[in-house]
Amino acid sequence: MLHHQGWKRCKKGINWLVLVSFVLVVAGCNNRSSVVASEEEEPIFSFENKDLFKAVSVLSSNRGDTLVGDGQLRKYYASDNTPLWVSPYGVSSAADSLLDELSDVEKEGLSRDVFCADTLQKAISRIRRSDFAAGEDTMKIFAEVEYWLTQSYLRYVAGQRYGFVNPRRMHNRIDKDKKDAATGRVKSYKMLFDIDIERPDSVFYATALSKITDSDIKPFISSVRPQTALYKELCSLLNDTTFDRKALLCNIERCRWRGYAPTGDDNKYVAVNLPAYHLYAHNGDSVLDMKIGCGTFRNKTPQLVSKISWMEVNPVWIIPKSIIENEVSPHAGDSAYFARNRYSVIDKATGDTVATDSTLTRRMLKSGKYKIVQKGGVGNSLGRIVFRFKNNLSIYLHDTSTKAFFKRERRGVSHGCVRIEKPFDFAAYLLETDDEWLLDKIRISMDIKPETDKGKKFMKEHRENNGTDDDLKLVKRRDVEPQVPLHIIYYTVFTDEKGEMKTYPDIYGYDKILWEHIKPLAK
């Protein structure tokens, strides 16, 4: 996570901000030519590497920074390594390549001052012109240029490749979950971000350092930048005054989180954008879109990535413990309430169904020894079908028995799961089958009129034989093969169902929080 206590701009001495946690492994970094002259050339300056590293070490230790990553950078320069940018022959041309790449960072919403591009340009120019005052400590200037170039380079390549903010850490310290009863201290937070985002490691940093050569540095910098169409479009809108610049910068940062949003590599995938209250089911060039209802501000739907694995038709609903404690337990002893909602109370130890009359107490329901199950079918809170996928938070997509909220603009209505507007269409999209009778069996099971002759004939015969159309459950479960990637994401500037870029409300306040982290970087 990005911190910025004591932040100072470069022109005021640069209180350096290291943005990402890393361990520098530099095997192979000694094999570079960028600061080595030919054997015929004479050194312009006279110093030993060990003296340079000592000066850099003193510089870094005197900065007093306690920001994440500073310690690892100091560790690198405290070791006996080869300089990355400077030598007695001057400053390498790789530094010019870096500064050239940093010259356009404002087009990516980043400030040039953050990377001290202008300050470094002036300092490098002084070295190349030998523009030093009498008695000036030239070693200090060399040490500053070496240190600052490395910080700017690593900051940029790591930030562009992995993001300047650690989203998992940021999101999962927002909503308090449990407190210590005695001290009032927070014991845990709700998990609002359950995605294995890629983060920089020692291998990445070793690779980055090995690329500080005349020929490698520019291609490497280009390779770490986000390449998605969304990232490029968001960057192109930075000068468009019809869009809020802060919102654009927050969403540009989200594009840097690798493993977060769809990249377009999958031909078939589902994206649920929470601020848009919308689901987009992609299949090649076609998109099935629909409205959704998601978690309220208090019960936020978490961001996650998974694969939709199976669907259940007319599912039973096993009510979560939190809902039992907060919403159901006050009705203990009210058998009419349980009958009206088709709730059954089951003893977990024996599996027996428990009476819901006056013998059922609130204490019993809150003890954790009983589960409450809602019968599948008409009136079930999950509707007539649920779509399941592996995740750590018991989140799923499902139909709903109360559809009126789809007419509302703001659709934060659930305890965290996602309710979808077109459940049958979504099932057909996932199955992608030519078996029309299977689709009709799902329709009939969901109380939707069949469309095939076979389905219509079946219903006619069933009605003649039984006198009713009720409670036909021809399909209980179907696996989704192959499984379909699912991304539940949070973009406040995103394409709508027509493919046009649109701004959406910051329903959970994440932009406001993210902005505080990236504000020192922003231009």
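In the block above lies the structure referred to throughout.
Just so it is clear, the model here is predicted, and its values are computed rather than measured.

All right, on to a positive patch on the surface then. Side chains of Lys178, Lys187, Lys321, Lys348 and Lys371 sit close together on the surface and give a patch of like positive charge. Inspection of the secondary structure puts lysine 348 in the loop between strand 11 (343-347) and strand 12 (353-354).

How two helices pack is summed up by the angle between their axes together with the distance between the axes. Relative orientation of the contacting elements helix 3 (residues 93-102) and helix 8 (residues 217-224) amounts to 30°, with a least axis distance of 9 Å. With respect to each other, helix 3 and helix 8 are oriented roughly parallel. Crossing angle aside, the handedness with which helix 3 passes helix 8 is right-handed. For the pair helix 3 and helix 8, contact is made by Ala94, Ser97, Leu98, Asp100 and Glu101 and by Ile217, Lys218 and Ile221, respectively. Tallied by class, residues from the contact of helix 3 with helix 8 come to four nonpolar, one polar and three charged.

Within a beta sheet, neighbouring strands are joined by backbone hydrogen bonds and run either parallel or antiparallel to one another. Taken together, four strands build an open sheet; the order of strands is 10-13-11-12 and the sheet is antiparallel. At either end of the open sheet lies a strand with only one pairing partner, and these are strand 10 (317-318) and strand 12. Across two bridges, strand 11 lies against strand 12 in antiparallel orientation. From the neighbouring strand, valine 345 faces strand 12, where its bridge partner is valine 354.

The next point concerns the pairing of strand 18 (residues 477-489). Across a regular strand the side chains alternate sides, sitting on one face of the sheet and then on the other. As paired elements, strand 6 (residues 268-273) and strand 18 share four bridges and run parallel to each other. Among the inter-strand pairings, alanine 271 is bridged to a residue of strand 18, identified as histidine 487. Where strand 9 (residues 303-313) and strand 18 come together, eight bridges link them in antiparallel fashion. Note that in strand 18 the partner of methionine 311 across the bridge is arginine 478.

How each quantity is defined
Residues numbered from 1 in each chain as written. Predicted model: local features only at pLDDT ≥ 70, side-chain atom pairs only at ≥ 80, totals over all residues. Heavy atoms only, no water. Patch = residues over 30% accessible without salt bridge, like charges linked within 9 Å, V, L, I, M, F, W, Y side chains within 5 Å. Areas by Shrake-Rupley, 256 points an atom, 1.4 Å probe, with all protein chains shown as cover. Salt bridge = Lys/Arg side-chain N within 4 Å of Asp/Glu carboxyl O. Lys, Arg positive; Asp, Glu negative; His and termini not counted. Charge placed at Lys NZ, Arg CZ, Asp CG, Glu CD. Helix = DSSP H or I, 4+ residues; strand = E, 2+ residues; numbered from the N terminus. Axes fitted to C-alpha atoms, helices over the stretch in contact; angles between N-to-C directions. Parallel < 35°, antiparallel > 145°, perpendicular 65-115°, else oblique. Left-handed = near helix turned anticlockwise from the far one by under 90°. Contact = heavy atoms within 4.5 Å. Nonpolar A, V, L, I, M, F, W, Y, C, P; charged D, E, K, R; others polar. Pairing = 2+ DSSP bridges.

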